[in-house]
Amino acid sequence: MSSSPRPLAKSDFAALSEFRYQMRRYEHFSETAVQAAGITPLQYLLLLHIKGYQGREWATVGELAERLQARQHGVVALITRCEAAGLVARRASLEDRRRVEVHLLPPGEAILVQLAEIHRAELRALQGVFTVPTLS
């Protein structure tokens, strides 16, 4: 026999609201910082996900699409724009010529490092303020 979950209390809505507010505040901070560096928020996320991909210094289009929660054709267009800006390069895999690897180029890495430092400082400032809510 399953029991029904209890209805959400006012405090649950307040906790969810505060969480979404803090999330949006951080996103707004990030968007402003990234645009000041001369790239778009999606370009920053692409660079971050390439550099942050576990175990190697590149990622495939499919892996980046998953990390960005976007369709592959949209990610291909984003990669093309980043290539044109000199931030990334596509390379055929040496192991499987059908696979395309997306690598950071030095200008992309330089922008990413600068922005990651700014984001790390903001996250440190938010410690204790930005937490996942506990719902009763």
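Before reading further, recall that the structure is shown in the block above.
Predicted, not measured: the structure shown is a model, and the values here were computed from it.

Quick notes on the nonpolar core
Where a protein is soluble and globular, its nonpolar side chains tend to be buried together. Residues Ile39, Leu46, Leu64, Val75, Ile79 and Val88 are the most contacted members of the largest nonpolar core, which totals 23 residues. If you list the elements that add at least two residues to this core, you get helix H1 (10–36), helix H2 (41–51), helix H3 (61–68), helix H4 (72–84), strand S3 (100–104) and helix H5 (106–126).

Overview of the environment of Leu135
With respect to the helices and strands, Leu135 occurs in the segment after H5. Look at Leu135 and you get partly exposed, because its relative accessible area is 41%. A sequence separation of 72 residues divides Leu135 from Glu63, and the C-alpha atoms of the two residues are 33 Å apart. Discounting residues that sit within four places of it in the chain, Leu135 has contacts with Asp12, Ala15 and Leu16.

Digging into the packing of H2 against H5
With their axes 10 Å apart at the nearest point, H2 and H5 run at an angle of 95 degrees to one another. The angle between H2 and H5 places the two elements in the roughly perpendicular class. Between H2 and H5, the residues in contact are Tyr44, Leu47, Leu48 and Lys51 and Gly108, Glu109, Leu112, Leu115, Ala116 and His119, respectively. Taken together, the residues of the contact of H2 with H5 break down into six nonpolar, two polar and two charged.

Examining the sheet that holds S3
Strand order across the open sheet formed by three strands is S1-S3-S2, with antiparallel pairing between neighbours. Unpaired on one side and paired on the other, strand S1 (58–60) and strand S2 (88–92) mark the two borders of the sheet. Averaged over all pairs of adjacent strands, the angle between their axes in this sheet comes to 35 degrees, without regard to strand direction. Of the strand pairs in this sheet, S2 and S3 are connected by five bridges, and their pairing is antiparallel. If you follow Ala92 over to S3, its bridge partner there is Val100. Against the sheet, H2 contacts S1, S2 and S3, and its axis sits at roughly 105 degrees relative to S3.

Quick look at unusual backbone geometry
Note: most peptide bonds trans; most residues except glycine with negative phi. We note that Gln69 has phi near 55 degrees; this positive angle belongs to a residue other than glycine. When you line up the elements, Gln69 lands in the loop between H3 and H4. Assessed through its relative accessible area of 64%, Gln69 is described here as exposed.

Topic: the environment of Met23
Position of Met23 relative to the elements: it lies in helix H1. Taking the C-alpha atoms as reference, Met23 lies 7.6 Å from Phe130; in sequence the two are 107 residues apart.

Conventions used here
- Each chain has its residues counted from 1, following the order in which its sequence is written.
- It should be noted that, the model being predicted, local features are given only for residues of pLDDT at least 70 and side-chain atom pairs only at 80 or more, the latter also being counted only at that level, while totals for whole chains, interfaces and linings use all residues.
- With hydrogens and water stripped out, all remaining heavy atoms of the structure feed into the side-chain values.
- We call a set of buried Ala, Val, Leu, Ile, Met, Phe, Trp, Tyr and Cys residues a nonpolar core when their side-chain atoms join them within 4.5 Å.
- Burial here depends on accessible area, computed with a 1.4 Å probe over protein chains only, as a share of the maximum for the residue type. Under 20% is buried, over 50% is exposed, and the range in between is partly exposed.
- To qualify as a helix, a DSSP run of H or I must reach at least 4 residues; to qualify as a strand, a run of E must reach at least 2; elements of each kind are numbered from the N terminus.
- Contacts were defined at the residue level, with two residues in contact if any of their heavy atoms lie within 4.5 Å.
- Note on geometry: axes are lines fitted to C-alpha atoms, helical ones only across the stretch in contact, with angles between N-to-C directions running from 0 to 180 degrees.
- The labels follow the angle: roughly parallel below 35 degrees, roughly antiparallel above 145, roughly perpendicular from 65 to 115, and oblique for the rest.
- Each residue is assigned to one class: nonpolar for Ala, Val, Leu, Ile, Met, Phe, Trp, Tyr, Cys and Pro, charged for Asp, Glu, Lys and Arg, and polar for all the others, Gly among them.
- Pairs of strands are assigned from DSSP output, requiring at least two bridges between the strands.

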